[in-house]
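Structural features, examined
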Amino acid sequence: EDLVRVLHASLAADVHRTAADLSGLVSSVCTMYAKPARDQGCDLNLEQPGAIWAEFDCPRVKRCLSALIRNALSHGRGGPVKISLTTDKNRAYIEVRDHGPGINDSDLARLKRSPSPPEPASGGSGIGLWLSAHLAAAMGGELNGRRRENGGSSFLMWLPLGSETPNQGAGP
C-alpha cells in the first residue's frame, strides 16, 4: 500500500501522527527481531534513553525500523547489530549499524534519488531501504546511509519531535 502511495506521490498526505513513546516502539521492534538475530548468531544491541513522547506515524516508523534491522541482519554477516535512539531539541534519531561488507556507493545513491523502486541488487531488492527513505521523508524526516570506514553500514533516520509538518509529495 505504501509502495503504491510513493509511486503516486500521495504518501505525505496520508501520514497519521499519534502520541506515542518512541522508545517503547523501538524496543518492541527490537524484541520482534531478537530471536531471528540469535538464530543467525548475531547480537542485537539497543541503546536508548527513557521515554520519548511525541507524535509519530507509528506503523510507518515500525516499518522503517523493521526494514533497517532486516537489512542489517541480512548483510551483517553474523556480526553485532547496534540500534541507537537519541534526541536533540527538535528531532529523534534512530541509527542501525552492522558489521557486514557495507553498502556500495552506487546502491546508496540509487536508494536516495530514484522516484521508482530499485532493480534487484546483489543480496536483496533494495525496496525496503528505498521505501524507508520515502516514508521518512513523508513523515518530515530523512534516512541517510553510509559505508563505515572499518566495515559495515550505518543508516540514520531522523524524525521531527515538534510540529514540523511533512511536505506534500515529499521524497528523499
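Looking now at the overall build of the protein chain. Helix and strand counts for the protein chain stand at 5 helices and 7 strands. Along the chain direction, N to C, the helices and strands of the protein chain fall in the order α-β-α-β-β-α-β-β-α-α-β-β. With 172 residues in all, the protein chain has 46% of them scored as buried. Relative to all contacts within the protein chain whose residues are 6 or more apart in sequence, the contacts with residues 24 or more apart total 71%. Working note: accessible area of the protein chain is about 8500 Å², and carbon and sulfur atoms make up 49% of it.

For the rest of this paragraph, the subject is the pairing of strand β4 (residues 81-87). Relative to β4, strand β2 (residues 44-47) is paired through 4 bridges, and the arrangement is parallel. Its bridge partner lying in β4, E47 is registered against S84. With antiparallel pairing between neighbouring strands as the criterion, β4 and strand β5 (residues 91-97) make up a hairpin whose turn holds 3 residues.

With 42 residues, the main nonpolar core has L22, I83 and I94 as its most contacted residues. Contributions of two or more residues to this core are made by α2 (22-39), β3 (53-56), α3 (58-75), β4, β5, α5 (127-138) and β7 (153-160). Per element, the largest residue contribution to this core is 8 residues, and it comes from α3. Apart from the residues lying within four places of it in its own chain, the contact partners of I83 are V26, C30, L44, N45, L46, E47, L65, I69, I94, E95 and V96.

What follows covers the side chain of S153. The topology assignment puts S153 in strand β7. Engagement of the side chain of S153 in a polar contact is seen with the backbone nitrogen of I103, the distance being 2.7 Å. Sequence-distant contacts of S153, defined by excluding residues within four places in its chain, comprise V96, R97, D98, G102, I103, R146 and R148.

Criteria and thresholds
Residue positions are given per chain, counting from 1 as you read along its sequence in written order. Where totals are concerned, whole chains, interfaces and linings use all residues; where local detail is concerned, this predicted model gives features only for residues with pLDDT of at least 70, and gives and counts side-chain atom pairs only at 80 or more. Heavy atoms from the whole structure form the basis of all side-chain values; hydrogens and water molecules are not counted. Helix and strand assignments come from DSSP, with helices taken as H or I runs of at least 4 residues and strands as E runs of at least 2, each series counted from the N terminus. Relative accessibility decides the category of a residue: with a 1.4 Å probe and only protein chains considered, values under 20% of the type maximum give buried, values over 50% give exposed, and everything between is partly exposed. Contact criterion: two residues are considered in contact whenever any of their non-hydrogen atoms come within 4.5 Å of each other. Computed with the Shrake-Rupley method and a 1.4 Å probe, the accessible areas treat only the protein chains shown as cover for residues. A pair of strands is treated as paired once DSSP finds two or more bridges between them. Only buried residues count toward a nonpolar core, which is a set of Ala, Val, Leu, Ile, Met, Phe, Trp, Tyr and Cys residues joined through side-chain atoms within 4.5 Å. In the analysis that follows, any N or O atom pair within 3.5 Å is treated as a polar contact, provided that within protein one partner can donate a hydrogen and the other can accept it, and provided that, for residues neighboring in sequence, both atoms belong to side chains.

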